[in-house]
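Here's the letter readout for the chains.
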Amino acid sequence: MIVAIDGGAASGKSSTARALSERFNLLHSDTGSYYRALTAEMLRQGASPESVDSVKRALENIRLATRVEGRSARIEINGHLPGEEIRSPEVNAAVSHFAAIPELRASLLAYQRGQADTARGGRFAGLVMEGRDIGSVIFPDADFRFFLHADPAERERRRLKQGQVDKVAERDRLDSSRKTAPLSRSAGSVSIDTTTLTIAEVADLMASVIEGKAAVP
Ligand code: DC
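Think of each chain on its own: its residues are numbered from 1, step by step along the sequence as written. Whole-chain, interface and lining totals are the exception, using all residues; otherwise, since this is a predicted model, local features are given only for residues with pLDDT of at least 70 and side-chain atom pairs are given and counted only at 80 or more. The side-chain numbers reported here are obtained from all heavy atoms of the structure, hydrogens and water having been left aside.

Undergrad: Can you help me understand the site of the ligand in this one?
TA: Lining the immediate environment of the ligand, one finds 18 residues, of which Arg36, Arg105, Asp133, Arg171 and Asp175 sit closest. Contacts described as polar in this section are N or O atom pairs within 3.5 Å, which, within protein, must combine one atom able to donate a hydrogen with one able to accept it, while residues neighboring in sequence count only if both atoms come from side chains. Within the contact set of the ligand, a nitrogen atom lies 3.1 Å away from a side-chain nitrogen or oxygen of Thr31. Between an oxygen atom of the ligand and a side-chain N or O atom of Ser96, the distance comes to 3.3 Å. In isolation the ligand exposes 450 Å². Once the protein is present, 98% of that is buried. Elements are defined by DSSP. Helices are runs of H or I of four residues or more, strands are runs of E of two residues or more, and each kind is numbered from the N terminus. Looking at the shell around the ligand, the element that brings in the most residues is helix H2 (residues 31-44), giving 4 residues. Residues are counted as near a molecule or strand when any one of their heavy atoms sits within 4 Å of it. Accessible areas in this description were obtained via Shrake-Rupley with a 1.4 Å probe; residue shielding takes into account the shown protein chains only.

Undergrad: So what exactly am I meant to see when it comes to the packing of aromatic side chains here?
TA: Two aromatic rings are characterised by how far apart their centres lie and by the angle between their planes. Between the rings of Phe, Tyr and Trp (Trp by its six-membered ring), a pair exists once the centres lie within 6.5 Å; its type follows the angle of the planes, with under 30 degrees stacked, over 60 edge-to-face, and the other angles tilted. Applying the stated criterion across every chain, the model contains 1 aromatic pair. Ring geometry for Tyr34 versus Tyr111: centroids 5.4 Å apart, planes at 80°, classification edge-to-face. Residue Tyr34 is found in helix H2, and its partner Tyr111 is found in helix H5 (residues 102-113); the two are separated by 77 residues along the sequence. Side by side, Tyr34 and Tyr111 carry an identical accessibility label, which is buried. A simple rule labels every residue: compare its accessible area, found with a 1.4 Å probe on the protein chains alone, to the largest value its type can have, and call it buried under 20%, exposed over 50%, or partly exposed in between.

Undergrad: Would you take a moment to explain the environment of Leu27 for this structure?
TA: Relative to the helices and strands, Leu27 is located in strand S2 (residues 26-30). On the accessibility criterion, Leu27 (0% relative accessible area) is buried. Expressed as a C-alpha distance, the spacing of Leu27 and Ala17, which sit 10 residues apart in the sequence, is 9.6 Å.

Undergrad: Before we go on, may I ask you to explain the pairing of S2 in this structure?
TA: In regular strands, side chains alternate between the two faces of the sheet. In terms of burial, S2 is a largely internal element, 5 of the 5 residues being buried. Pairs of strands are assigned from DSSP output, requiring at least two bridges between the strands. Bridge count between S2 and strand S5 (residues 126-131): 5 bridges; the pairing is parallel. Residue pairing across strands places Leu26 opposite Gly126, the latter belonging to S5.

Structure follows, in structure tokens:
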């Protein structure tokens, strides 16, 4: 079983994906953390989103692997698990610019699709993958595709509560307007407004859809 969850920054994807991974024993892939890890590595290597050549050069020095920790599929770059630096203000500010570069996205495409094999090869019943283009590009044939959204003010509040400085509306603008695999609701996905719902309520709603009990308009 493959579950795709897309949505803007702080729309509730990670918390609900984690809840579903526990409920249905799914491997959890947070693809935002993959883009963040690559961004941190680009910055470390001195690459700039303004120079595609510098990005291409940096990508040549990068080997990706997956480490499964619990139910979480974590990215390893050149044998290292990235740390908290991927949530830094520098990465928050740069990630959408790097994520708009087709060559950088291409470097993650097969990697992300390969997570389905990682799930199959492990002790999991499937995969829950969250991001911006999972239902539209990575797994358009996923068994379930969800699109989460929420008021920008509520999303900024969620990030502040996590102690993060993050311009969620600005990231959404960049992520929605890029040419390659923009953030968008894919046709046929189940759209959920999470503004006034708790994580448990959103996860319950999604679980009901998966179990065939509820249809969300
Ligand atoms: O989910 P997040 O906020 O941690 O994601 C960080 C950034 O990564 C997001 O602003 C855009 C990019 N991203 C993407 O372009 N495609 C994805 N599938 C996931 C994230």
